[in-house]
Amino acid sequence: MTSTQQRASSLSHADQPENETTAPQHKRLGALTEADLADLDTHPALVIDHLSKRFVKTGGRSLWRDLFAWLRRHAKGESGSATADHKSERRIVRAIDDVSLSVRRREIYGVLGSNGSGKSTLIRVISTLLLPDEGRVEVFGHDVVREERVTQRLINRVSVEAAFFRKLSPMENLLYSSRLYGVPAGEARELINTTLMRLGIKPDRINQPLESMSRGMQQKVAIARAFLTAPVLLLLDEPTTGLDPRSKQNVQVFIRELRDTHDATILLTTHDMDEADALCDRIAIIDGGRIVVEGTPDELKALVGRKLGLDHPATLTEAFMAYTGRDWESDEPEDDDNDEEWK
Amino acid sequence: MLQSGRAGRTPSSGEDGALASLSAGAARMWRAFASELYKSYAFIERNWYLTKRYWGWEIVWLAYNIINALSVTFIAASAQKTVPGLHFTQAQINQFVLYLTIGTAIWSYVSTVFDGVTETVTIERWEGTIEYTFMAPVSRITHLVGACVFALIHGFVLTVIQLLVMSLFFHLDLSRADWLAALIIMVVGSISLIGIGAISAVLPMLFTERGSQMAFIIRAALLLVSGVYYPISVLPGWLQPFAYISPVTYLLDGLRMSIQSGSNTIQLWYDIWPLLVCGIISIPLGMSIFGVAERYAKRTGKLKRNG
């Protein structure tokens, strides 16, 4: 049985009731080596240890600004960091402030936070797209900075924006992505067809430009992209934001399936409290770049219920409000979408 | 009886082990190399798909290059009429036409290659895929090699089409051309462009909004100093040293020598070695600068989509 057939076979298991899912197996393609697989059994999926990331909001061309500031300081014979040069325009913000957490293998771990709380920054550091200022991040025992390439083989990501080459079809986009992870083209084509159909995308749309597809369908293609590379740690950054209820449910079923039949560990950031409650084994609430509480959904709800003097557990929304002290919808835009420059 | 020579020696088990280990090491290296080649092809294939989907832009770009080349080359065709009192033979005019035809063709080629390499970052940022490409387990050398190979093939095809159209308008005297030498100088010259292309690709990574426009400055500087439309000897003295560090100068000179004068590969050595040196220096330098810039982008958060 080829690995593609194994995957196609395991996909059909998703149609079974949840309690009949197959035992986790190693069904891996492309990027992973035998050494990578061996690491899965000996290390936690994700360890974040005292991670901090600061950024400087400059509102302008920071490279020039940094260069001129550096020249000015050296002309004056001063030394030290750029912080000595702050004028009114420079504002240092701690996007992630001394965050530590550990995620076990095959766990769905939720990170809840309002916009701008540092969720996306956390995901981008784990994705090797941002270098931490302090602390370390390990994926299955591999440091994301020092062992960047190994880490990249182990992870993939679905973000709130389904980022694709819009003129290209799902097949062309996914073939490109599969090749980057070393999945053989023939195997990838078969798997792309199977996966997209499994996610409800009709065969006649697979070769049409993505720009003609709805946002929900594009997001499904984004999930297929992550699935194709067989990540052992999947980073889901608000994957269902903006989707209609049916698409949202499809995606949630697929997330469970990834964990149950494909041995994936999932780090999920979301605004959707019901989604977090339904999917996550454990949850961390992050506020102002710091983790303010961590536990299972039931633990958090019971804790807040007791704090509020209720005779029943609180809802997760109430727990969120209690720990963040405000409504997430009224907060600042997320850091990815503003014009801030990272230090 | 003494046995002498290697033929009589039986390898010990230690040597067997060393050979097996060496062989396994070589096999691993080959697998790694083949894997990187395969990943490199991802960028070639993707750019081909994009070229097909944006075919309208291809036609616009080709038409622009052809019209530009015709406009410049007509200057040579009209030399007799634009410089009163001077008389050129038809053969001299044909040589001037060929001189400018080669200049315009190579400039189109260089422009296409530079655009292709610079867009390595620009198009990813524009489409929003930059984070996904940069978090994939692909070395930046593999990434840039894929982008460069497609850019070179793309540039070559467009330039050949441009030359075919030019040949409909002008009599191009190619009777003395040494095509093998021309091909060799093209290959060597193309390699030398990759490093400069990689350096220019850094600009869109660091300057998210204006990087592409800034890369035009590098191209414009090459156009000025490389003798595309005129010999570098007409440049002011202070500009001429820049001509000597531009690989396009040697590429153009070598091509003109091989096509117009029929110089063979050995005679072109004075153009080939500077191109080789340029490639040997600029490719590792370009890759290193790209690596440093990528690290800076990861530290400052610039490695993200627009908007």
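Small disclaimer: the values here were computed from a predicted structure and weren't measured.

## Quick word on the overall build of chain A
Right, on to step 1. Of the regular secondary structure elements, chain A holds 12 helices and 11 strands.
Right, on to step 2. Expressed as a percentage of the 343 residues in chain A, the buried residues total 47%.
Right, on to step 3. Long-range contacts, defined here as pairs at least 24 residues apart, represent 75% of the contacts in chain A between residues at least 6 apart.

## Some remarks on the environment of A:Ala185
All names here are of chain A.
Right, on to step 1. Relative to the assigned elements, Ala185 resides in helix α7 (residues 185-198).
Right, on to step 2. Sequence spacing of Ala185 and Leu40 is 145 residues, and the spatial spacing of their C-alpha atoms is 26 Å.
Right, on to step 3. Setting aside chain neighbours within four positions, we find Ala185 in contact with Leu175 and Arg179.

## Thoughts on unusual backbone geometry
Residue and element names in this part refer to chain A.
Right, on to step 1. Of note, Asp98 is a non-glycine position whose phi angle comes to about 55 degrees, a positive value.
Right, on to step 2. Of the residues examined, Asp98 has 14 C-beta atoms within 10 Å and is grouped as partly exposed.
Right, on to step 3. You will see that Asp263, though not glycine, has its phi angle at about 65 degrees, which is positive.
Right, on to step 4. Position of Asp263 relative to the elements: it lies in the loop between α9 (245-262) and β8 (265-270).
Right, on to step 5. Look at Asp263 and you get buried, because 20 C-beta atoms sit within 10 Å.

## So, the interface of chain B and chain A
Right, on to step 1. Facing 29 residues of chain B, the contacting portion of chain A comprises 32 residues.
Right, on to step 2. Breaking the side of chain B that touches chain A down by element, the ones donating at least two residues are α1 (13-53), α5 (130-134) and α11 (269-300) of chain B.

## Brief notes about the confidence of the model for chain B
Segments scoring low in pLDDT should not have their predicted coordinates read at a detailed level.
All names here are of chain B.
Right, on to step 1. Across chain B, the average pLDDT comes to 88, with 95% of residues at 70 or higher.
Right, on to step 2. Averaged pLDDT values over the elements of chain B bottom out at 80 in helix α3 (residues 79-82) and peak at 95 in helix α10 (residues 247-260).
Right, on to step 3. Complex prediction metrics read pTM 0.81 and ipTM 0.84.

## A look at helix α7 (residues 179-206) of chain B
Right, on to step 1. Along its 28 residues, α7(B) runs 41 Å from first to last C-alpha, staying within 8% of the 40 Å computed at 1.5 Å per residue.
Right, on to step 2. Summarising burial for α7(B): 20 of the 28 residues are buried, a large majority.

## Digging into helix α2 (residues 55-77) of chain B
Residues and elements named next belong to chain B.
Right, on to step 1. The terminal C-alpha atoms of α2, which comprises 23 residues, lie 32 Å apart, in line with the 33 Å expected from a rise of 1.5 Å per residue.
Right, on to step 2. Those residues of α2 that fall on the buried side of the exposure criterion are Asn65, Ile66, Ala69, Thr73 and Ala76.
Right, on to step 3. Considering only its buried residues, α2 is in contact with α3, α4 (90-127) and α6 (140-169).

## Section: the pairing of β8(A)
Residues and elements named next belong to chain A.
Right, on to step 1. β8 sits mainly inside the fold: six of its six residues count as buried.
Right, on to step 2. Burial along β8 is two-sided: the residues Thr265, Leu267 and Thr269 and Ile266, Leu268 and Thr270 are all buried.
Right, on to step 3. In terms of strand pairing, strand β3 (residues 108-113) meets β8 through five bridges, oriented parallel. The residue of β8 that forms the bridge with Ile108 is Ile266.

## A word on the nonpolar core
Right, on to step 1. Counting residues in hydrophobic clusters, the biggest one holds 151 residues, and the most contacted among them are A:Ile126, A:Leu233, A:Ile266, A:Leu267 and B:Ile106.
Right, on to step 2. If near-sequence neighbours (up to four positions away) are discounted, A:Leu267 is found in contact with A:Leu46, A:Val103, A:Tyr109, A:Val111, A:Leu233, A:Leu235 and A:Leu236.

## As for the sheet that holds strand β10 (residues 290-295) of chain A
Residue and element names in this part refer to chain A.
Right, on to step 1. With mixed pairing, the six strands of this open sheet are ordered in space as β6-β7-β8-β3-β9-β10. Strand pairing shows two members of the sheet lacking a second neighbour, β6 (155-158) and β10, which therefore form its edges. The mean angle between the axes of side-by-side strands here comes to 20 degrees, regardless of whether they run parallel or antiparallel.
Right, on to step 2. Bridge analysis of strand β7 (residues 233-237) against β8 gives five bridges, and the strand direction is parallel. Pairing of Leu235 across the sheet is with Leu267, part of β8.
Right, on to step 3. Packing of helix α12 (residues 316-324) onto the sheet brings it into contact with β3, β9 (282-287) and β10, and relative to β9 it is tilted by some 35 degrees.

## Some thoughts on the packing of α7(B) against α10(B)
Residue and element names in this part refer to chain B.
Right, on to step 1. One way to put it is that α7 packs onto α10 with a least axis distance of 9 Å and a crossing angle of 175 degrees. The angle between α7 and α10 places the two elements in the roughly antiparallel class. Two secondary-structure elements touch here, α7 through Ala181, Ala182, Ile185, Gly189, Ser192 and Leu193 and α10 through Pro247, Tyr250, Leu251, Gly254, Leu255, Ser258 and Ile259.
Right, on to step 2. For the contact of α7 with α10, the residue count by class is nine nonpolar, four polar and no charged.

## Describing the pairing of strand β4 (residues 134-139) of chain A
The side chains of a regular strand alternate between the sheet's two faces.
Residue and element names in this part refer to chain A.
Right, on to step 1. Note: strand β1 (residues 46-57) against β4, five bridges, orientation antiparallel. The residue of β4 that forms the bridge with Val47 is Glu138.
Right, on to step 2. Two elements, β4 and strand β5 (residues 142-143), share two bridges in a ladder whose sense is antiparallel. Directly across from Val139, in β5, lies its bridge partner His142.
Right, on to step 3. What sits between the antiparallel neighbours β4 and β5 is a turn of two residues, in which Phe140 has the positive phi angle 50 degrees.

Conventions adopted
Residues numbered from 1 in each chain as written. Chains lettered and ligands numbered in written order. Predicted model: local features only at pLDDT ≥ 70, side-chain atom pairs only at ≥ 80, totals over all residues. Helix = DSSP H or I, 4+ residues; strand = E, 2+ residues; numbered from the N terminus. Buried ≥ 20, exposed ≤ 12 C-beta atoms within 10 Å, placed from the backbone. Contact = placed C-beta atoms within 7 Å. pLDDT = per-residue confidence, 0-100. Expected span 1.5 Å × (residues − 1). Pairing = 2+ DSSP bridges. Core = buried A, V, L, I, M, F, W, Y, C linked by C-beta atoms within 7 Å. Axes fitted to C-alpha atoms, helices over the stretch in contact; angles between N-to-C directions. Parallel < 35°, antiparallel > 145°, perpendicular 65-115°, else oblique. Nonpolar A, V, L, I, M, F, W, Y, C, P; charged D, E, K, R; others polar.

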